[in-house]
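Architecture at a glance
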Amino acid sequence: MLDTARIRADFPILHQVVNGRPLVYLDNAATSQKPRAVIETLVDYYSRYNANVHRGVHTLGDRATEAYEGARAKVARFINAPGPETIIFVRNTTEGLNLVAYTWGRAHLRPGDEIVTTIMEHHSNLVPWQILAREKEAVLRFVGLTPTGELDMEDFARQLTPRTRIVAVTMASNVLGTITPVAEIVRQAHAVGAITVIDAAQAAPHLPIDVQALDCDFLAFSGHKMLGPTGIGVLYGRREHLERMPPFLGGGSMIRDVQLTTATWNDPPWKFEAGTPNIADAIGLGAAVDYLSALGMENVRAHEVALTAYALAALSQVEDLVIYGPPDPQRRTGVISFNLADIHAHDVGTILDQEGIAIRAGHHCCKPLMRHLGVAATARASFYIYNTREEVDRLVAALIRAKELFGSVVGR
Ligand code: C6P
């Protein structure tokens, strides 16, 4: 298990008073806070060896290149990728998923081909496929959910056909916390000849990931949700796809040779990293991966399961609180969406903020899922390695007060 007191000491931002109360940061699914080790890595890069990479005739350039490529190797080990060449640095999950749609998708899809996804996807794992389907006259098919908010695997089997070319699924929902059975999804997708694209934005920060065991074709995640800086993300791709796929953006670094009217491509991963990359933040992500690896992802997961179990039990004591997603903490991440009586989720968020508690409220970029749940918005508390039971208690107490406050306003 994690030593939260020691971990909290590494996060300068957590030690502050917001609106007169000690900050309780429960908006980790939106973005996590950053440990001193990551912040100092960025300062160190800019203070000691800021230089462009892969251009190398000087010492600073060599140091920057070594650190940038070193970060790639760390990320590869973190998800047990077969090698660093399968790790493409992108801006975020959104860019990683779009990269697959614009390259593999455009090169392979034919009219009438099918893309299978689910009704709980973040817009990042939905809109790129909508754009691709429109362009290629492909068909989108959607897997539904069980009553407890898990992926309906019987429906999944029904949606797969010999025309399925792409299966694009989240590994963990940012609204329901649902963890999907990715290895089984991949197995069934491959059996019909489809490739698999896994949105791991809410999984990579919280669960151990082994892309070779999952056997997925592509997997994307964002650095900023896993202690790293904003502006850096990762797309893992199976080597044979990366070798055959056309490039995404054209420009410097991604070429082998250029003539006036033609060009040939660099090897993966650089083929997909046109222009000066986000050097500092990639190195910062490397530091974040070091931090998480030192904690151990099994321990990160165990902490979150325990805290989520505690929170689900405590929240169930709040009258008129509706909680969405699987009730079993083993089958979900530490993302808890809820609505309190008929109080708008934004009002809940504002009241909690007045007590120094940061949560998120809204549609969470999952409008189709909101429609499925029959709500316009939810409030959402999401945990990470530094959150404690005391913070959950503060959340619960603040929700009870919010209910009383609104009850008395409505009653007046
Ligand atoms: N979800 C949330 O508060 P980016 O913005 O590219 O780093 O990540 C996009 C994304 C993709 N998939 C899932 C499952 C996600 O949760 C997110 C980001 C944030 O829920 C911001 S909307």
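Everything discussed here concerns the structure shown above.
Described in the following lines is the structure provided in the data block.

**Quick word on the sheet that holds strand β10 (residues 233-237)**
- The strand order β4-β10-β9-β8-β7-β5-β6 describes an open sheet built from seven strands, whose pairing is mixed. Looking along the sheet, the strands with just one partner apiece sit at the ends: β4 (87-90) and β6 (139-143). Between one strand axis and the next, the sheet turns through 20° on average, direction left out of account.
- Two strands pair when backbone bridges link them, and strand β8 (residues 195-199) and strand β9 (residues 218-222) are joined in this way by three bridges, in the parallel orientation. When the bridges of β9 are listed, V197 appears paired with F218.
- Docked against the sheet, helix α4 (residues 93-108) engages β4, β7 (164-170), β8, β9 and β10, running at close to 155° with respect to β9.

**Quick word on the sheet that holds strand β14 (residues 335-340)**
- Sheet architecture is open: four strands sit in the order β13-β14-β17-β16, paired in antiparallel fashion. Each edge of the sheet is formed by a strand with only one pairing partner; in this case those strands are β13 (321-323) and β16 (360-362). If you compare each strand with its neighbour and ignore which way they point, the axes differ by 30° on average.
- When β16 meets strand β17 (residues 378-382), the two strands line up antiparallel, connected through three bridges. If you follow A361 over to β17, its bridge partner there is A379.

**Let's talk about the environment of A73**
- Mapped onto the secondary structure, A73 falls in helix α3 (residues 59-78).
- A relative accessible area of 21% means that A73 is categorised as partly exposed.
- Taking C-alpha positions, A73 is 8.2 Å from I87, a pair spaced 14 residues apart along the chain.

Procedures and definitions
- All residue numbers refer to position in the chain's written sequence, counted from 1.
- Side-chain atom pairs in this predicted model are given and counted only at pLDDT of 80 or more, local residue features only at pLDDT of at least 70, and totals for whole chains, interfaces and linings cover all residues.
- Heavy atoms from the whole structure form the basis of all side-chain values; hydrogens and water molecules are not counted.
- Note: two strands are recorded as paired if DSSP finds a minimum of 2 bridges between them.
- Put simply, DSSP marks the helices as runs of H or I at least four residues long and the strands as runs of E at least two long, and each gets a number from the N terminus on.
- To define axes, lines are fitted to C-alpha atoms, for helices over the stretch in contact only, and angles between the resulting N-to-C directions are given on a 0 to 180 degree scale.
- Throughout, a contact is declared for two residues whenever any of their heavy atoms are within 4.5 Å.
- Relative accessibility decides the category of a residue: with a 1.4 Å probe and only protein chains considered, values under 20% of the type maximum give buried, values over 50% give exposed, and everything between is partly exposed.

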